[in-house]
Amino acid sequence: MANISFRHVKKTYPGGVTVIPDLNLEIADKEFVILVGPSGCGKSTTLRMIAGLEEVSEGELYIGDRVVNDVAPKDRDIAMVFQSYALYPHMTVYKNIAFGLELRKMPKDEIDKKVHEAAKVLDLEHLLNRKPKALSGGQRQRVALGRAMVRDPAVFLLDEPLSNLDAKLRTAMRAEITRLHKKLDTTFVYVTHDQTEAMTMGDRIVVMKDGIIQQVDTPQNLYDFPVNLFVAGFIGSPQMNFVDVTLKKDGGNYALQFGKYTIPLPAGKGEAAKLDPYVGKEVVMGIRPEDFVDDGSSNATIEADVDIAELMGAEINLHLNCQDNRIVVRLPSSFRTTSGAHIKLGVKTEKIHLFEKDKETAICH
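Everything numeric in this text was worked out from a predicted model, so none of it was measured. (Residues numbered from 1 in each chain as written. Predicted model: local features only at pLDDT ≥ 70, side-chain atom pairs only at ≥ 80, totals over all residues. Heavy atoms only, no water.)

Trainee: Account for the overall build of the protein chain, with residues named and values stated.
Mentor: When you go through the protein chain residue by residue, the secondary structure sums to nine helices and 21 strands. A principal-axis box enclosing the C-alpha atoms of the protein chain has dimensions of 80 × 45 × 35 Å. Residue burial in the protein chain is summarised as follows: out of 365 residues, 48% are buried. Across the protein chain, every contact between residues at least 6 apart in sequence was considered, and the portion connecting residues at least 24 apart equals 65%. (Helix = DSSP H or I, 4+ residues; strand = E, 2+ residues; numbered from the N terminus. Buried < 20%, exposed > 50% of the residue type's maximum accessible area, 1.4 Å probe, protein only. Contact = heavy atoms within 4.5 Å.)

Trainee: Any chance you could break down helix H2 (residues 93-103) for me, citing the residues and the numbers?
Mentor: Inspection of H2 places Val93, Asn96, Ile97, Ala98 and Leu101 among the buried residues, and these make up the whole buried set. Among the structural elements, helix H3 (108-121) and helix H4 (137-149) are those in contact with the buried residues of H2.

Trainee: Before we move on, could you go through the nonpolar core and cite the residues and values that matter?
Mentor: Ile34, Ile97, Leu145, Leu158, Ile177, Tyr190 and Val207 are the most contacted members of the largest nonpolar core, which has 46 residues in total. At five residues, the largest contribution of residues to this core is made by H4. Setting aside residues no more than four positions away along its own chain, Ile97 makes contact with Val115, Leu124, Leu128, Val143, Gly146, Arg147 and Val150. Grouped together as the second largest cluster of nonpolar side chains are 34 residues, Val243, Leu275, Met285 and Leu320 included. (Core = buried A, V, L, I, M, F, W, Y, C linked by side-chain atoms within 4.5 Å.)

Trainee: So, the sheet that holds strand E15 (residues 292-293): which residues are in play, and what are the values?
Mentor: Spatial strand order, E15-E19-E16-E17-E18: five strands in an open sheet with antiparallel pairing. Strand pairing shows two members of the sheet lacking a second neighbour, E15 and strand E18 (325-332), which therefore form its edges. Summarising the sheet, strand E16 (residues 301-311) and strand E19 (residues 342-347) pair through five bridges and their orientation is antiparallel. Bridging across to E19, Ile302 finds its partner in Leu345. (Pairing = 2+ DSSP bridges.)

Trainee: Summarise the pattern of salt bridges; cite the residues concerned and give the values.
Mentor: Opposite charge on two side chains permits pairing when their charged atoms draw close. Considering all chains together, one arrives at 15 salt bridges under this definition. With a closest N to O distance of 3.5 Å, Arg48 and Glu54 form a salt bridge. On the basis of relative accessible area, Arg48 is assigned to the partly exposed category, the value being 28%. Between Arg330 and Glu290 there is a salt bridge whose closest N-O contact spans 3.9 Å. With Arg330 in strand E18 and Glu290 in the loop between strand E14 (282-287) and E15, the pair connects residues that are 40 residues apart, well separated along the chain. (Salt bridge = Lys/Arg side-chain N within 4 Å of Asp/Glu carboxyl O.)

Trainee: So what's going on with the sheet that holds E14? Residues and values would help.
Mentor: The sheet built from six strands is open, its strands ordered E13-E12-E11-E14-E20-E21 with antiparallel pairing. Of all strands in the sheet, those bounded by a partner on one side alone are strand E13 (261-264) and strand E21 (362-364). If you compare each strand with its neighbour and ignore which way they point, the axes differ by 40 degrees on average. Note that E14 and strand E20 (residues 353-355) share three bridges and pair antiparallel. Looking at E20, one finds that Val284 is bridged to Phe355. (Axes fitted to C-alpha atoms, helices over the stretch in contact; angles between N-to-C directions.)

Trainee: Please give an account of the packing of aromatic side chains that cites residues and values.
Mentor: Remark: the centre distance and the inter-plane angle together describe each pair of aromatic rings, the angle taken between the planes. Using the criterion set out here, one finds seven aromatic pairs in the structure. Ring centres of Phe32 and Phe188 lie 5.3 Å apart, and the angle between their planes is 40 degrees; on these two criteria the pair is classed as tilted. Highlighted residues: Phe32 in strand E3 (residues 32-36) and Phe188 in strand E8 (residues 187-192), separated in sequence by 156 residues. A single burial state applies to Phe32 and to Phe188, both of which are buried. When the centroid spacing of 6.1 Å and the interplanar angle of 85 degrees are considered together, the rings of Phe242 and Phe355 count as edge-to-face. With Phe242 in strand E11 (residues 241-250) and Phe355 in strand E20, the pair connects residues that are 113 residues apart, well separated along the chain. What makes Phe242 partly exposed here is its relative accessible area of 27%. Connected via pairs of aromatic rings, a cluster forms that spans Phe32, Phe156, Phe188 and Tyr190. The aromatic ring of Tyr62 is capped on one face by Arg7, whose charged end is 4.0 Å from the ring centroid. It is Arg288 that lies over the ring of Tyr223; its NZ or CZ is 3.9 Å from the centre. (Phe/Tyr/Trp six-rings, centres within 6.5 Å; stacked < 30°, edge-to-face > 60°. Lys NZ or Arg CZ within 6 Å of the ring centre and 35° of its normal.)

Now the structure itself:
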């Protein structure tokens, strides 16, 4: 069993700097979990504590049913893949993959079998006699994955392994690592600051900020039901739009008002018990760029001036100014407009999210 459990784990560096105040997290056996958040949020420190490269200051860290706080990295049955590949430049690909097994004094025929099996899975067979300097970035990262694979670890740790690759290679390697997880059927913990990687690869995502877990959920639930403004703004690209609005109530109907616009909330959008305390008060409306329409089918419309129109191929991203609010809208590229144009758009009111203004927590989705 390679489940991982953080129980009230705290990490404090010399000088009293606490980067992780109180971490509680359960990662199931064979799960693919992504740690995501901005730089400095504690995600790499969390990974390095699992690896044993950082000490746990307080609390208990379990791998399986064993407390590993004082267990040396080599005895934890983990393998780590770094952002920088960390290959030996003077060794061939074959030697790089085999090196850890040679240190363990494994029989040569067994090493050879494992290296060739890993090379076949990662499409490296034709590169086994080359040295790292003769490889592309994607090939080097596959060698680093192969070196981890042959050890048959209980836990794979990956620390921003794709950040040095170009956009096309990153997309290919994302699929490669997802396939690898299915094939190896073991626990993967993956650190990234790229929310596109997080959304496309993980079974669950752990969103972190300032060493504190904000939300742990499936990619779809994080997207549809963010618990606060931070998660709502971090997950999704372009990010969710936020507009300060006043919540109004007329009979049993609720509406949002900002500037000259009144946007009715559809029936069933939030319970009266949750919405009533905010009537007459300012709240934050969240609406994703794709939740606008240009066909007049919505019962709520806004008008805006186009600042920038970014053609993205099948889609166009419009940066708009609406009542002094900056809004980004994503529409099909068939929508024709130019910078400086004045346009009218419908709002998919069923897709609106509401958040508290002060505490920034979600009111309704």
